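Reading the structure
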Amino acid sequence: MNKFIFLFCLLSSVSVFANSNDKYPIEKTSSAPIIDGDLSEWDNISAVSFSVHNTGLEGSTSGTAKAVWTNDAVFFAF
């Protein structure tokens, strides 16, 4: 439950640069990615750009995010 709350707070503070008609497909994978800090296995996954807005002004931090899912979980790489 704590992971869900953290993820909700994180995603609610992120502004994705996309039109309202744009969609970000999250690909299904047959096995969970290895959580080891090496994102090379994410190279072929499409990314979405984001910017964090702490004050309502221009974003203070930006980056990219990727996501995949299995039958058991959803995985994010930032």
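Here we summarise the structure given alongside this text. (Residues numbered from 1 in each chain as written. Predicted model: local features only at pLDDT ≥ 70, side-chain atom pairs only at ≥ 80, totals over all residues. Heavy atoms only, no water.)

Notes on the overall build of the chain
The line we're drawing: Counting from the N terminus, the helices are the DSSP runs of H or I reaching at least four residues and the strands are the DSSP runs of E reaching at least two. The criterion used for residue contact is that any of the two residues' heavy atoms lie within 4.5 Å.
In terms of helices and strands, the chain carries one helix and five strands. Counted from the first residue to the last, the chain has its helices and strands arranged as α-β-β-β-β-β. The long-range fraction of contacts in the chain, counting pairs at least 24 apart against all pairs at least 6 apart in sequence, stands at 49%.

Quick look at the side chain of K66
Spelled out, the test is: Categorising residues by exposure relies on relative accessible area from a 1.4 Å probe, with only protein chains included: less than 20% of the type maximum marks a residue as buried, more than 50% marks it as exposed, and the intermediate range marks it as partly exposed. Residues scored as charged are limited to Lys and Arg (positive) and Asp and Glu (negative), so that His and the chain ends carry no count. Only one rule defines a salt bridge in this text: a Lys or Arg side-chain nitrogen within 4 Å of an Asp or Glu carboxyl oxygen.
Relative to the assigned elements, K66 resides in strand β4 (residues 61–69). Summary of buried charges: K66 has no salt-bridge partner, and the nearest side chain of opposite charge, D43, is 5.1 Å away. Once you skip the residues sitting within four places of it in the chain, K66 turns out to touch Y24, W42, D43, I45, S46, A47, F75, F76 and A77.

Section: the nonpolar core
To keep things clear, this is the line we draw: By nonpolar core we mean a set of buried residues, namely Ala, Val, Leu, Ile, Met, Phe, Trp, Tyr and Cys, connected to one another through side-chain atoms within 4.5 Å.
By size, the foremost hydrophobic cluster in this structure holds five residues: W42, I45, V68, F75 and A77. If sequence neighbours within four positions are ignored, F75 has contacts with A32, P33, I35, W42, K66, A67, V68 and T70.

Notes on the pairing of strand β3 (residues 48–52)
What counts here: Should DSSP find at least two bridges between two strands, the strands are taken to pair.
Taken across its five residues, β3 has four buried, putting it largely inside the fold. For β3 and β4, the ladder comprises five bridges, and the chain directions are antiparallel. In the strand pairing of β4, V52 is matched with T61.

Comments concerning a negative patch on the surface
This is how the line gets drawn: A patch consists of residues exposed above 30% relative accessible area that lack any salt bridge, with like charges linked at up to 9 Å and nonpolar side chains (Val, Leu, Ile, Met, Phe, Trp, Tyr) linked at up to 5 Å. The accessible surface values rely on the Shrake-Rupley method and a 1.4 Å probe; as for residues, cover is taken only from the protein chains in view. Charge placement uses NZ in Lys and CZ in Arg. For Asp and Glu, CG and CD serve respectively.
Taken together, the side chains of D36, D38, E41 and D43 make up a negatively charged region of the molecular surface. Mapped onto the elements of the fold, D36 is located in the loop between β2 (27–28) and β3.

A few points about the pairing of β4
Examined bridge by bridge, β2 and β4 share two bridges and lie parallel to one another. Directly across from E27, in β4, lies its bridge partner V68. Relative to strand β5 (residues 74–77), β4 runs antiparallel, the two sharing four bridges. Within β5, the position partnered with V68 by the bridge is F75. Linking two consecutive strands that pair antiparallel, namely β4 and β5, is a turn of four residues.

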